[in-house]
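Working through the structure, step by step
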Amino acid sequence: MGITIDDMSVFCKRKGFVYPNSEVYGGMSGFFDYGPLGVELKNSIKAEWWKTHVTQRDDIVGIDGSIITNPKVWVASGHVESFTDVMLKCSKCGNSVRADHLVEEKLKIHAEGLSPQKLHELIEKNKIKCEKCKSEFDKPKNFNMMFSTTVGPSSDEKSVSYLRPETAQLMFANFKLVQENARMKLPFGIAQVGKAFRNEISPRDFLFRCREFEQMEIEYFVNPEKGEDCPYVEEFSAYELNVLSEPMQEKKEKPKKMAVNEIIAKKIMLPWHAYWLAFEQKWFEGLGADKEKFRVRQHMKDERSHYATDTWDLEYSFPFGWKELQGISNRGDFDLKQHIKVSGKDLSYYDEGSKKKVIPNVVAEPSLGVERSFLVFMFNAYEDDKKRGNIVLKLHPKLAPVKVAVFPLLSNKDELVKKAREVYDSLKKCYQCAYDTSGSIGRRYARNDEIGTLLGCTIDFDSLKDESVTLRDRDSTKQIRVKIEDLKCVVGKLIKGEKFESLGKLI
Ligand code: ATP
């Protein structure tokens, strides 16, 4: 039995990963602050995502749009009118909850996307009451989740704008500029990483549902006349996904493992959709996540957002159940058409082949939360090692917030301390390092295991003679002897994926 989400939040606070926001003032629900280790892990997740989704691809370029934008963007996108969840407010104590979540919890049915009317019927029929005071709820109503603010000195209606609830929209509004500046040809994507804000009715499950979070998103545009051709899908043809389609859910079937080529042949999803789901799952797998804990679930008709023609979620088996980690929607030409309509500007694409202007389709919009990814990597890494008597946080080498902790064997021997500082000062120019002198070496190993430090590097009396150090591997506790001049190279090789044992003679 693994740890719960509450245990994880306690662990994250204790070790300096994540704190409740402004805790000295009693905190604020749905907001969190990242501590010294958390910020390193979060930055590494974003850097790895950017590397594989932008830097290493020819067909995707990035932007960094502003958080507050002309409010017409949100009128065009439909968020002002329909970015809502259904809220239930207790008639007596005022407790507010998200109606679909409460119904799902109580009746064990899928309720996301149901109308306030339908949810009201279910609540009445099943006599669902406020969990806090057992009173009845008022009639459910739609609640818009966008945070609003006023821009400039006057605070009248005209100065109202919103904190973006997703990063997506500026990738549409800037589509033409980006396409022309970067000379992109369809199919191509625009990527963005940044903050998003949602006034969630009831934030919960630690980082899983917060009010301020970050997204890593791509809008992937294709020529509408060549919508189904995905030139990259071959690479994944044998790759397996654990599939739960809409018909399978209606028939209450279990998810089924299928190779990408079978999924496409059976027309369960379009090739682009299968490609992006496989690409995204593989990204997690490449950073050490357990493939068995993922599945891909199709949205039911009621559940789909207003813009989507088809949506599949990449879900992860969290300790509190299967939950959405990433949504991948087919948005068609909804957004570009809306921005053309509302702005009056031409955002079409000139196809040189057919000499025609087209409105590109977004066949897939991989949209991933940084916080939910953070949780996946933390749950995956957390291991209570009874034999060692401490937690070992087996984060992937690329994600480990500290790569090397440098220890002088004895902290009261000047010559050892001097040498250890030299090693540390040199290594920290290349990698995140720590310098630790307190307690026994065993205690220092344990302390570093708990925060996921990849390597312990001990400077002993022999180091003064042979210019070598002992490197200790976090996961296996094996040790090798390495020349100080080779250290940077050895650490680099380990981060790139070489086996610890192959990097030096075991001692
Ligand atoms: P949910 O159904 O869980 O509310 P959603 O379908 O509204 O999520 P999307 O609009 O598809 O979410 O957003 C894309 C991604 O952004 C999600 O898959 C998730 O990883 C992340 N995300 C969305 N809302 C939150 C939130 N409140 N807290 C943390 N991450 C979030």
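Note that the structure is predicted; figures quoted are calculated from it, not measured. (Residues numbered from 1 in each chain as written. Predicted model: local features only at pLDDT ≥ 70, side-chain atom pairs only at ≥ 80, totals over all residues.)

This part covers the overall build of the protein. If you tally the helices and strands in the protein, you get 17 helices and 25 strands. The C-alpha atoms of the protein give a radius of gyration of 26 Å, which matches the 23 Å a tight globule of 507 residues would have. C-alpha extents for the protein along the principal axes are approximately 75 × 65 × 55 Å. By residue count, 40% of the 507 residues in the protein fall in the buried class. Restricting to contacts in the protein with at least 6 residues of sequence separation, those with at least 24 account for 64%. (Helix = DSSP H or I, 4+ residues; strand = E, 2+ residues; numbered from the N terminus. Rg over C-alpha atoms; globule rule 2.2 N^0.38 Å. Buried ≥ 20, exposed ≤ 12 C-beta atoms within 10 Å, placed from the backbone. Contact = placed C-beta atoms within 7 Å.)

Spanning 20 residues, helix α2 (residues 36-55) covers 27 Å between terminal C-alpha atoms, matching the ideal 28 Å at 1.5 Å per step. Within α2, the full set of buried residues consists of Leu-37, Gly-38, Glu-40, Leu-41, Lys-42, Ile-45, Trp-49 and His-53. (Expected span 1.5 Å × (residues − 1).)

Looking now at the packing of helix α5 (residues 99-107) against helix α6 (residues 116-125). If you want to describe how two helices pack, look at the angle between their axes and the distance between the axes. Taken N-terminus to C-terminus, the directions of α5 and α6 make an angle of 40 degrees; their axes are 10 Å apart at the nearest point. What the angle tells us is that α5 and α6 run oblique. For the crossing formed where α5 meets α6, the hand is left-handed. Only Leu-119, Leu-122 and Ile-123 of α6 make contact with α5, whose side of the interface consists of Ala-99, Asp-100, Val-103 and Leu-107. Of the residues assigned to the contact of α5 with α6, the class counts are 6 nonpolar, no polar and 1 charged. (Axes fitted to C-alpha atoms, helices over the stretch in contact; angles between N-to-C directions. Parallel < 35°, antiparallel > 145°, perpendicular 65-115°, else oblique. Left-handed = near helix turned anticlockwise from the far one by under 90°. Nonpolar A, V, L, I, M, F, W, Y, C, P; charged D, E, K, R; others polar.)

On to the site of the ligand. The ligand sits among 16 residues. The nearest are Phe-213, Gly-327, Ser-367, Gly-369 and Arg-372. For the shell around the ligand, the secondary structure elements donating two or more residues are β10 (212-222), β15 (321-330), β18 (361-369) and α13 (370-381). Grouping the amino acids of the shell around the ligand by side-chain chemistry returns 4 nonpolar, 5 polar and 7 charged. (Near = placed C-beta within 6 Å.)

So, about the domain arrangement of the protein. Partitioning the protein into structural domains gives domain 1 (5-83 + 146-380), domain 2 (85-98 + 101-144) and domain 3 (402-503). Taking only C-alpha atoms, the centre of domain 1 and the centre of domain 3 are 39 Å apart. (Domains from an automatic or database assignment.)

We now examine the environment of Arg-209. You can see Arg-209 is positioned in the loop between β9 (188-197) and β10. The spacing of Arg-209 and Lys-291 is 82 residues in sequence and 23 Å in space, taken between C-alpha atoms. Ignoring anything within four residues of it in the chain, the contact list for Arg-209 reads Glu-200, Pro-203 and Arg-204.

For the pair α2 and α13, interaxial distance at closest approach is 10 Å and the crossing angle is 110 degrees. In this view, α2 runs roughly perpendicular relative to α13, as classed from their interaxial angle. Residue-level inspection shows Leu-41, Lys-42, Ile-45 and Lys-46 of α2 in contact with α13, the latter providing Val-370, Ser-373, Phe-374 and Phe-377.

Right, let's get into the sheet that holds strand β6 (residues 141-144). Here we have 3 strands laid out as an open sheet, ordered β5-β4-β6, and antiparallel in their pairing. Every interior strand has two partners, whereas the edge strands, β5 (96-98) and β6, have only one. Between one strand axis and the next, the sheet turns by 50 degrees as a mean value, whatever way the strands run. Against the sheet, α5 engages β4 (84-89) and β5, with an angle of about 70 degrees to β5. (Pairing = 2+ DSSP bridges.)

Below, the discussion takes up helix α15 (residues 441-450). Of the residues making up α15, those classed as buried are Arg-444, Tyr-445, Asn-448 and Asp-449. One face of α15 carries all of its buried residues, which in axial projection span an arc of 135 degrees. Pointing more than 90 degrees away from the buried face of α15 are the exposed residues Gly-442 and Arg-443. After α15 finishes, the residue Gly-452 shows a positive phi value of roughly 85 degrees. (Arc of directions from axis to C-beta.)

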